[in-house]
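# Descriptive analysis of the structure
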Amino acid sequence: MRGALSWPFMRLYMLTLLYFSANSILNVIIPLKGESLGATNTTIGIIMGSYLFTTMFFRPWAGKMIQKYGPIRVLRTILIINGFALILYTFTGLAGYFVARMLQGVCTAFFSMALQLGIIDALPEKDRSQGISMYSLCASMPGIIGPLLALGIWQAGNMNHFTVAMIAIAILTGIVGYSAKMDKQAAEADTGQKGQGSTMSESFGQLFKNPHLFKCSVLMLIASLVFGAVTTFIPLYAAQIEGGNAAIYLMLQAGAVVVARFALRKKIPSDGKWHSAFVMVIMLMLAAAALCVSFSAMGGAVFFYAGAGLMGIAQALLYPTLTTYLTFVLPQLNRNVFIGLFIATADLGVSLGGVIMGPVADIFSYSVMYMLCAILGVSMIVFSYERRNKSSFGL
């Protein structure tokens, strides 16, 4: 096989799967552990949100460092730090979890930027959307098994199993990561640009000045806020729903992400044009998913799990669609930094999903909080419309 499914890229996807396996377990364990220690939703949201808030802060700098030193050198360095962070979870409490989440946030900023920019630079334009979709797919696959494994560990009451899982993931990720390779020409192109382009402060300004970057960033920010609210509080909300199970919900959502990203990877636009109808349908699915989750408090498990499927499909399509579009319309010289800024808005959104929606859940309820998420999704349907170009749905 050639292109996005060739062996060098398959090895990178395998590394992605291993790296994000830890998070699929931690996303369930941390909220449950926090609740058992008497932490409020606000506290749990801050701990969970600190991970991607830190990632957001470091992403633009990660783009600069990768452009200067190349993806492989950066990748090998952060895998060591990531291993330390995973081991830290095994012998600390909530305070240690907070520190470990921040360390993971730094690592994820560099890890995901290194792999995504390496994939983008090494693949021809026609294969970009497939490469990004496959990366995103493998980042989501651990979510199918991880929540069930985490719930099993928690219900067994033996955290030694958690310790073994974290150490095993740290070691395997390091072994696969150190053997990974990327296209030499892409690396040379990246390192050959060091010292060129705009400063970091000028790049931040482009987040508001560049209309393409602004539109995609706002859409990603709001959608990620909804995704973050689901990731952080579903393990606690599921207990209030008749027939609800957090592990099953997260598995269904992750399964929908995996199936949609693989089955629809060739349908994602890769022509540099803004497809309004395509994006509007994605945001409609996001709003409907949040509404289903909100209504499940009264309607039961059918709405709960329907929301999982819709949320997974929306999550599967939105990120690769927007990222691929930006690789065409952003200026080549500063593309890496600008894409870093865009991905940072996704991180900020997930972080806000815990930090902002936690207090909302404390003051009102989980159901009201997810209703607010649905309203935000509806607002993005209108925002994504662009009358200037005739849009094609693409599916």
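Residues numbered from 1 in each chain as written. Predicted model: local features only at pLDDT ≥ 70, side-chain atom pairs only at ≥ 80, totals over all residues. Heavy atoms only, no water.

### Topic: the overall build of the protein
- If you tally the helices and strands in the protein, you get 16 helices and zero strands.
- Counting across all 395 residues of the protein, residues that qualify as buried make up 57%.
- A sequence separation of at least 24 residues applies to 86% of the contacts in the protein between residues at least 6 apart.
- Element-wise, carbon and sulfur atoms account for 68% of the exposed surface of the protein, whose accessible area totals about 15,700 Å². (Helix = DSSP H or I, 4+ residues; strand = E, 2+ residues; numbered from the N terminus. Buried < 20%, exposed > 50% of the residue type's maximum accessible area, 1.4 Å probe, protein only. Contact = heavy atoms within 4.5 Å. Areas by Shrake-Rupley, 256 points an atom, 1.4 Å probe, with all protein chains shown as cover.)

### Focus on the nonpolar core
- Membership of the largest hydrophobic core comes to 119 residues, with the highest contact counts inside it found for Ile234, Met369 and Tyr370.
- It is helix H10 (residues 211-237) that provides the largest number of residues to this core, a total of 15 residues.
- Excluding residues within four positions of it along the chain, Ile234 makes contact with Ala229, Ala246, Tyr249, Leu250, Val293, Phe304 and Tyr370. (Core = buried A, V, L, I, M, F, W, Y, C linked by side-chain atoms within 4.5 Å.)

### So, the side chain of Ser21
- Structurally, Ser21 is set in helix H1 (residues 7-36).
- What makes Ser21 buried here is its relative accessible area of 14%.
- If we ignore the near neighbours within four places in the chain, the residues touching Ser21 are Pro142 and Ile169.

### What about the packing of helix H2 (residues 41-69) against H10?
- One can describe the packing of H2 onto H10 by two numbers: an axis separation of 10 Å at closest approach and a directional angle of 140°. In terms of axis orientation, H2 runs oblique to H10. Between H2 and H10 lies a crossing whose hand is right-handed. Here Asn41, Ile44, Gly45 and Met48 of H2 lie close against H10, whose contacting residues are Thr232, Phe233 and Leu236. (Axes fitted to C-alpha atoms, helices over the stretch in contact; angles between N-to-C directions. Parallel < 35°, antiparallel > 145°, perpendicular 65-115°, else oblique. Left-handed = near helix turned anticlockwise from the far one by under 90°.)

### Let's talk about the packing of aromatic side chains
- Here the structure, examined in full by the defined rule, presents 15 aromatic pairs.
- On the numbers, 6.4 Å between centres and 70° between planes, the contact of Phe214 with Phe383 is edge-to-face. With Phe214 in helix H10 and Phe383 in helix H16 (residues 366-383), this pair connects stretches of sequence that are 169 residues apart.
- Given the relative accessible area of 26%, Phe383 is considered partly exposed.
- Aromatic pair Phe295 and Phe303: ring centres 4.8 Å apart, planes at 80°, arrangement edge-to-face.
- Using a relative accessible area of 33% as the deciding quantity, one classes Phe303 as partly exposed.
- Through a chain of ring-to-ring contacts, three or more aromatic side chains come together here, namely Phe233, Tyr237, Tyr249, Phe304, Tyr305, Tyr366 and Tyr370.
- One Lys or Arg, Lys215, reaches over the ring of Phe383 and ends 5.0 Å from the middle of that ring. (Phe/Tyr/Trp six-rings, centres within 6.5 Å; stacked < 30°, edge-to-face > 60°. Lys NZ or Arg CZ within 6 Å of the ring centre and 35° of its normal.)

### Looking at the packing of H10 against helix H13 (residues 301-329)
- Packing of H10 against H13 leaves a shortest axis separation of 10 Å and a crossing angle of 150°. Judged by the angle between their axes, H10 and H13 are roughly antiparallel. Classified by chirality, the crossing of H13 by H10 is left-handed. Contact residues: His212, Leu213, Cys216, Leu219, Met220, Ala223, Val226, Phe227, Val230, Ile234 and Tyr237 in H10; Phe304, Met311, Ala314, Gln315, Leu318, Tyr319, Leu322, Tyr325, Leu326 and Val329 in H13.
- Per-class residue counts for the contact of H10 with H13 are 19 nonpolar, two polar and no charged. (Nonpolar A, V, L, I, M, F, W, Y, C, P; charged D, E, K, R; others polar.)

### Observations regarding a nonpolar patch on the surface
- Side chains of Ile46, Phe98, Val99, Met102, Val355 and Ile356 sit close together on the surface and give an oily, nonpolar patch of about 440 Å² of accessible area.
- Take the nonpolar patch: its biggest share by element is three residues, from helix H4 (residues 94-122).
- On the secondary structure map, Ile356 appears in the loop between helix H14 (335-355) and helix H15 (357-363). (Patch = residues over 30% accessible without salt bridge, like charges linked within 9 Å, V, L, I, M, F, W, Y side chains within 5 Å. Salt bridge = Lys/Arg side-chain N within 4 Å of Asp/Glu carboxyl O.)

### Some details on H1
- Between the first and last C-alpha of H1 there are 45 Å, a value that for 30 residues agrees with the 44 Å anticipated at 1.5 Å per step.
- Roughly 30° is the biggest bend found in H1, and it falls at Leu26. (Expected span 1.5 Å × (residues − 1). Bend = angle between axes of the 7 residues up to and from the residue.)

### Quick word on the side chain of Ser112
- Following the sequence through the fold, Ser112 ends up in helix H4.
- When its relative accessible area of 2% is taken as the criterion, Ser112 is described as buried.
- Polar side-chain contacts of Ser112 include one of 2.8 Å to the backbone oxygen of Thr108.
- Excluding its chain neighbours within four sequence positions, the residues that come into contact with Ser112 are Arg59 and Tyr135. (Polar contact = N/O pair within 3.5 Å; in protein donor to acceptor, adjacent residues only side chain to side chain.)

### Brief notes about the environment of Met48
- Along the chain, Met48 falls in helix H2.
- By relative accessible area, Met48 is classed as buried at 6%.
- With 185 residues separating them in the primary sequence, Met48 and Phe233 have C-alpha atoms 9.9 Å apart.
- Other than its neighbours up to four places away in sequence, Met48 contacts Asn27, Ile30, Pro31, Arg101 and Thr232.

### A few points about helix H11 (residues 246-263)
- Over its 18 residues, H11 runs 25 Å from end to end, which matches the ideal 26 Å to within 8%, given 1.5 Å per residue.
- Of the residues making up H11, those classed as buried are Ala246, Ala247, Tyr249, Leu250, Gln253, Ala254, Gly255, Ala256, Val257, Val258, Ala260 and Arg261.

### Structural notes on the environment of Gly309
- Along the chain, the position of Gly309 falls in helix H13.
- Owing to a relative accessible area of 23%, Gly309 belongs among the partly exposed residues under this scheme.
- It is 9.5 Å that separates the C-alpha atoms of Gly309 and Leu250, two residues lying 59 residues apart in sequence.

### A few points about the confidence of the model for the protein
- Put simply, the protein has an average pLDDT of 83, and 89% of its residues get 70 or more.
- A low-confidence stretch, residues 184-197 stays under pLDDT 50, and its non-local contacts, those more than four residues away or across chains, total 22 contacts.
- Between residues 389-395, whose pLDDT stays under 50, and residues either more than four places distant or in other chains, the model counts 15 contacts. (pLDDT = per-residue confidence, 0-100.)

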